[in-house]
Amino acid sequence: DAKTTQPNSMESNEEEPVHLPCNHSTISGTDYIHWYRQLPSQGPEYVIHGLTSNVNNRMASLAIAEDRKSSTLILHRATLRDAAVYYCILRDAGNAGNNRKLIWGLGTSLAVNP
Amino acid sequence: GAGVSQSPSNKVTEKGKDVELRCDPISGHTALYWYRQSLGQGLEFLIYFQGNSAPDKSGLPSDRFSAERTGGSVSTLTIQRTQQEDSAVYLCASTEQTGLNSPLHFGNGTRLTVT
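About the cut-offs
All residue numbers refer to position in the chain's written sequence, counted from 1. All chains are assigned letters beginning with A, and all ligands numbers beginning with 1, in the order in which they are written. Where totals are concerned, whole chains, interfaces and linings use all residues; where local detail is concerned, this predicted model gives features only for residues with pLDDT of at least 70, and gives and counts side-chain atom pairs only at 80 or more. Values shown for side chains rest on all heavy atoms present in the structure; no hydrogens or waters enter the calculation. Salt bridges are identified by distance alone: a Lys or Arg side-chain nitrogen within 4 Å of an Asp or Glu carboxyl oxygen. Partly exposed residues are those whose accessible area sits between 20% and 50% of the maximum for their type, while under 20% is buried and over 50% is exposed, using a 1.4 Å probe and protein chains only. Contacts are assigned to residue pairs with any non-hydrogen atoms lying within 4.5 Å of each other. As a working definition, buried area equals the accessible area (1.4 Å probe) given up by two parts on being put together, with both sides summed. Each polar contact in these results corresponds to two N or O atoms within 3.5 Å; when the atoms are within protein, one needs to be able to donate a hydrogen and the other to accept it, and residues that are neighboring in sequence are counted only if both atoms are side-chain atoms. Each helix is a run of H or I in the DSSP string that is no shorter than four residues. Each strand is a run of E no shorter than two, and both are numbered from the N terminus. By the convention adopted, Pro, Cys, Tyr, Trp, Phe, Met, Ile, Leu, Val and Ala count as nonpolar, Lys, Arg, Asp and Glu as charged, and the other residues, Gly among them, as polar. Pairing between strands is defined by DSSP: at least two bridges between the two strands are required. Note on definitions: angles span 0 to 180 degrees between N-to-C directions of axes, and those axes are lines fitted to C-alpha atoms, for helices only across the stretch in contact. Note that a disulfide, as used here, is simply two cysteine sulfur atoms within 2.5 Å.

A. Spotlight on the pattern of salt bridges. This structure, assessed with the given rule, holds seven salt bridges over all chains. Between Asp24 of chain B and Arg22 of chain B there is a salt bridge, with its nearest N and O atoms 2.9 Å apart. Judged by its relative accessible area of 25%, Asp24 of chain B is partly exposed. Several salt bridges converge on common partners, so that one network encompasses Arg37, Glu45 and Asp82 of chain A.

B. Spatial organisation of the interface of chain B and chain A. Contacts between the two partners involve 20 residues from chain B, matched on the other side by 22 residues from chain A. Here chain B packs against chain A, burying approximately 1800 Å² in sum over the two surfaces, 54% of which is carbon and sulfur. Sorting the residues of chain B by area buried against chain A places Leu43, Leu100 and Asn101 of chain B first, and these three jointly supply 35% of that buried surface. Between chain B and chain A we count zero salt bridges in total. In this assembly, chain B and chain A are joined by seven residue pairs in polar contact (both at pLDDT 80 or more). Looking at the side of chain B that touches chain A, the elements that each hand over two or more residues are strand S4 (31-37) and strand S5 (43-50) of chain B. Here the residues of the side of chain B that touches chain A are counted per class, giving 10 nonpolar, nine polar and one charged.

C. Structural context of the sheet that holds strand S3 (residues 31-38) of chain A. All names here are of chain A. On the basis of which strands lie adjacent, the open sheet formed by five strands has the order S1-S9-S8-S3-S4 and mixed pairing. The open sheet is flanked by strand S1 (9-13) and strand S4 (45-50), the only strands paired with a single partner. Each neighbouring strand pair of the sheet contributes to a mean axis angle of 25 degrees, computed without reference to strand direction.

D. Looking closely at the state of the cysteines. Applying the stated criterion across every chain yields a total of two disulfides over all chains. Between the sulfur of Cys22 of chain A and that of Cys88 of chain A lies a disulfide, 2.1 Å long from S to S. For the disulfide bridge between Cys22 of chain A and Cys88 of chain A, the dihedral angle about the S-S bond is near -80 degrees, and by the sign convention the bridge is left-handed. Taken together, the residues span a long stretch of sequence, with Cys22 of chain A in strand S2 (residues 18-23) and Cys88 of chain A in strand S8 (residues 84-92) at a distance of 66 residues. Per residue, the accessibility class of Cys22 of chain A equals that of Cys88 of chain A, and both read buried. One disulfide bridge connects Cys23 of chain B with Cys92 of chain B, the sulfur atoms lying 1.9 Å from each other. Taking the sign of the S-S torsion, about -65 degrees here, the bridge from Cys23 of chain B to Cys92 of chain B comes out left-handed. Of the two residues, Cys23 of chain B is situated in strand S3 (residues 19-24) and Cys92 of chain B in strand S8 (residues 88-95); the sequence distance between them amounts to 69 residues. We classify Cys92 of chain B as buried; its relative accessible area is 0%.

Written as structure tokens, this is what we have:
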């Protein structure tokens, strides 16, 4: 079973911010929070990852709750090209065997309206 | 630069036939993964290669599935005596380093349909 839970779908308008939530209440101390997205007919694409502190990169921002039981991926200005399935997964940095067997849920399907 | 390349992009085969799926990882990437994505399900880990180490085959669903990686680069996933439940998108990914947070770079997958 996936270690994270996400809403099945979300909708946004173009050029507006999008906040994609993820719950991971059973996260362990060595789990990093990773986000990937998958555009139609493509493989998943890395977006961002973090452990405790909020993270920013050119694609998005990651806000991590203080208790680390939830996180939010923030797209600051959604574009039509951001329409994709967004996956929140945990990577165990303390166990190589667990680390490679990433457990992926069904993700959140984001629709962006023009 | 070139990303992970998978071929064929689509494969339709009859039940009982064998199929081979190919993955060309990014040059210099030492780790290679195979995943399966079935309709309505999340990605399922199949097998992992790291350099010259013995592969982690723990995700292979049956002995009909096998994979090899020649010369530390190209990998082939073979499914023997295909069944309809094998229909899925087979994804390959590679990572640059052995670091446990190295981003996975995925190919666009091979869509396998078993009729």
